[in-house]
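Residues per chain are reported as follows:
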Amino acid sequence: FILISLSLFFLSRPLTKRLMGGDTEETNVDAMAGKLAVVTEPIGGLTAPGRVKIAGDRWRSLPATDKAIPVGAAVRVQRVEGATLIVDIESTKEEE
């Protein structure tokens, strides 16, 4: 009985995973990349972190390039490194 139960468990698991769909939804910090945020404390370049507000939370942030980003600017999260968001200023139609 135990052998049959264990073998069925291990054989049915891959099939169940395939049938349930292998797509995973990113959550928590993984879901931050690509989201828009607003600068709440100026970001002074690669050596002077600032703060951004995203989804009601304030995060430490650094720019993706060495450009300073002023308060109130819209930025897009490029990636997350630890507890720091790496952001880039969101381009507007006038800039393009």
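Residues numbered from 1 in each chain as written. Predicted model: local features only at pLDDT ≥ 70, side-chain atom pairs only at ≥ 80, totals over all residues. Heavy atoms only, no water.

Draft legend 1. Seen up close, the nonpolar core. Formed by 13 residues in total, the largest nonpolar core has its most connected members in V39, V52, I54, I69, V75, L85 and V87. Not counting residues within four places of it along the chain, the set of residues in contact with V75 comprises K35, L36, A37, V39, V52, I69, V87, D88, I89 and E90. (Core = buried A, V, L, I, M, F, W, Y, C linked by side-chain atoms within 4.5 Å. Buried < 20%, exposed > 50% of the residue type's maximum accessible area, 1.4 Å probe, protein only. Contact = heavy atoms within 4.5 Å.)

Draft legend 2. Representation of the sheet that holds strand β3 (residues 57–63) in the model. Read around the closed barrel, five strands run β1-β2-β3-β5-β4, paired in mixed fashion. The average undirected angle you get between the axes of adjacent strands in this sheet is 55°. (Pairing = 2+ DSSP bridges. Helix = DSSP H or I, 4+ residues; strand = E, 2+ residues; numbered from the N terminus. Axes fitted to C-alpha atoms, helices over the stretch in contact; angles between N-to-C directions.)

Draft legend 3. Region of interest: unusual backbone geometry. With phi around 55°, A55 is a residue other than glycine that occupies positive phi space. With respect to the helices and strands, the residue A55 is situated in the loop between β2 (50–54) and β3. Classification of A55 by relative accessible area gives exposed; the value is 79%.

Draft legend 4. Region of interest: a nonpolar patch on the surface. A cluster of nonpolar residues, F1, I2, L6, F9 and F10, forms a patch on the protein surface that exposes about 650 Å² of accessible area. Along the chain, L6 falls in helix α1 (residues 2–20). The exposure class of L6 is partly exposed, given its relative accessible area of 45%. (Patch = residues over 30% accessible without salt bridge, like charges linked within 9 Å, V, L, I, M, F, W, Y side chains within 5 Å. Areas by Shrake-Rupley, 256 points an atom, 1.4 Å probe, with all protein chains shown as cover. Salt bridge = Lys/Arg side-chain N within 4 Å of Asp/Glu carboxyl O.)

By themselves, these are just geometric observations and shouldn't be taken as functional.
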